[in-house]
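Here are the chains, one letter per residue:
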Amino acid sequence: IMNAFYTTITITLVASIVATLLGTLAAIGIHSMKRRQKALMLGATNIPLLNADIVTGISLMLLLIKFTRLGMNTVLIAHITFNIPYVILSVMPKIRQMNLSIYEAARDLGANAVYAFFKIILPQLAGGIAAGFFMAFTMSMDDFVITYFTKGPGINTLSTMIYGAVSYTHLRA
């Protein structure tokens with residue numbers, strides 16, 4: 001059980017951190033798009049949220065089987081893919097609330113783009129980024145179906161281990 005717990009925590013933390021980074025960058029990129037492209041990307045972002053987990057899990061399994069063997073890496077890829085839309089939708093409102101004139105003022109006063117991003121933009125987005133991280137963490141910790149379909153032999157998380165134990169006891173009864 002402890003091994004399954006460590007696997008669960010590892011998958012959850014790594015997937016949440018990577019999804020938070022990618023989702024934040026994607027949200028910034030989507031925000032800077034033109035109106036039509038932005039609407040298209042936000043529509044595509046909503047698809048995994050509206051889809052049933054089982055459809056997403058089986059689709060990711062079929063896609064990943066095509067290119068690699070199922071294992072820890074495929075579970076991580078699936079969890080990251082599943083979590084990115086949640087991060088994007090958590091960060092986007094903070095981007096809309098952001099005051100860009102502060103960034104422009106910092107640039108006018110001689111700050112380079114990277115410095116201004118880390119000192120001006122990132123602190124303004126911190127609440128949305130934290131909310132996205134915690135949403136990704138919760139969704140990753142909770143998700144049984146995607147883990148079940150994308151894990152390989154020998155990979156057990158708490159949810160898959162409990163499911164296996166319950167189904168085994170049910171079969172014996």
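Analysis parameters
Residues numbered from 1 in each chain as written. Predicted model: local features only at pLDDT ≥ 70, side-chain atom pairs only at ≥ 80, totals over all residues. Heavy atoms only, no water. Helix = DSSP H or I, 4+ residues; strand = E, 2+ residues; numbered from the N terminus. Buried < 20%, exposed > 50% of the residue type's maximum accessible area, 1.4 Å probe, protein only. Contact = heavy atoms within 4.5 Å. Areas by Shrake-Rupley, 256 points an atom, 1.4 Å probe, with all protein chains shown as cover. Lys, Arg positive; Asp, Glu negative; His and termini not counted. Charge placed at Lys NZ, Arg CZ, Asp CG, Glu CD. Polar contact = N/O pair within 3.5 Å; in protein donor to acceptor, adjacent residues only side chain to side chain. Core = buried A, V, L, I, M, F, W, Y, C linked by side-chain atoms within 4.5 Å. Phe/Tyr/Trp six-rings, centres within 6.5 Å; stacked < 30°, edge-to-face > 60°. pLDDT = per-residue confidence, 0-100. Patch = residues over 30% accessible without salt bridge, like charges linked within 9 Å, V, L, I, M, F, W, Y side chains within 5 Å. Salt bridge = Lys/Arg side-chain N within 4 Å of Asp/Glu carboxyl O. Axes fitted to C-alpha atoms, helices over the stretch in contact; angles between N-to-C directions. Parallel < 35°, antiparallel > 145°, perpendicular 65-115°, else oblique. Left-handed = near helix turned anticlockwise from the far one by under 90°. Nonpolar A, V, L, I, M, F, W, Y, C, P; charged D, E, K, R; others polar. Expected span 1.5 Å × (residues − 1). Arc of directions from axis to C-beta.

Asker: Go over the overall build of the protein chain with me, naming the residues and quoting the values.
Answerer: For the protein chain, the count of helices and strands is eight helices and zero strands. Ordered by position in the sequence, the α and β elements of the protein chain form the string α-α-α-α-α-α-α-α. Counting only C-alpha atoms and orienting by the principal axes, one finds that the protein chain spans roughly 70 × 35 × 25 Å. A total of 173 residues make up the protein chain; the buried ones form 35% of that total. Expressed as a percentage of contacts within the protein chain between residues at least 6 apart in sequence, the contacts between residues at least 24 apart total 79%. As displayed, the protein chain offers around 10400 Å² of accessible surface, 68% of which is attributable to carbon and sulfur atoms. Across the protein chain, the centroid of the 12 positively charged side chains sits 7 Å from that of the 5 negatively charged ones.

Asker: Pulling in residues and values, what's your account of the side chain of T20?
Answerer: Mapped onto the fold, T20 is located in helix 1 (residues 2-31). A distance of 2.6 Å separates a polar atom in the side chain of T20 from the backbone oxygen of S16. T20 has contacts with V87, I129, G132 and F133, leaving out every residue within four places of it along the chain.

Asker: Could you give me a rundown of the nonpolar core, with the residues and numbers involved?
Answerer: Counting residues in hydrophobic clusters, the biggest one holds 20 residues, and the most contacted among them are A27, I88, V91, M92, I95 and L125. Where this core is concerned, the elements lending two or more residues are helix 1, helix 4 (72-97) and helix 6 (113-142). When residues of this core are assigned to their parent elements, the largest contribution, nine residues, is made by helix 4. Core analysis: the next-biggest nonpolar cluster, separate from the first, contains six residues, L60, A78, Y86 and M139 among them.

Asker: Can you lay out the packing of aromatic side chains for me, pointing to particular residues and giving the numbers?
Answerer: Summed over the entire model, instances satisfying the criterion amount to nine aromatic pairs. Members of the aromatic cluster, connected to one another through ring pairs, are F144, Y148, F149 and Y163.

Asker: Tell me about the confidence of the model for the protein chain, residues and numbers included.
Answerer: Here the protein chain averages 89 in pLDDT, and 96% of its residues register 70 or above. Of all the helices and strands in the protein chain, helix 8 (residues 158-172) carries the lowest mean pLDDT, 74, while helix 1 carries the highest, 94.

Asker: So, the environment of D142: which residues are in play, and what are the values?
Answerer: For D142, the location among the structural elements is in helix 6. Sequence-wise, D142 and T12 are 130 residues apart; in three dimensions their C-alpha atoms are separated by 9.2 Å.

Asker: Account for a nonpolar patch on the surface, naming residues and giving values.
Answerer: Judged by side-chain polarity, I54, V55, I58 and L62 come together as a nonpolar surface patch covering roughly 320 Å² of accessible area. Turning to its location among the elements, I54 is positioned in helix 3 (residues 53-67).

Asker: Which residues make up the packing of helix 1 against helix 4, and what values go with them?
Answerer: Between helix 1 and helix 4, the least distance of the axes is 6 Å, while the angle of their chain directions is 45 degrees. By the angle between their axes, helix 1 is oblique relative to helix 4. Note that helix 1 runs across helix 4; the crossing there is right-handed. By residue class, the composition of the contact of helix 1 with helix 4 is 20 nonpolar, eight polar and no charged.

Asker: I'd love a proper account of helix 3, names of residues and values included.
Answerer: Over its 15 residues, helix 3 runs 21 Å from end to end, which matches the ideal 21 Å to within 8%, given 1.5 Å per residue. Among the residues of helix 3, T56, G57, L60, M61 and L64 are the ones counted as buried. With its buried residues spanning 130 degrees around the axis, helix 3 presents them on a single face. For helix 3, the exposed residues set more than 90 degrees away from the buried face come down to L62 and K66. Check the buried side of helix 3 and you find it contacts helix 4 and helix 7 (145-150).

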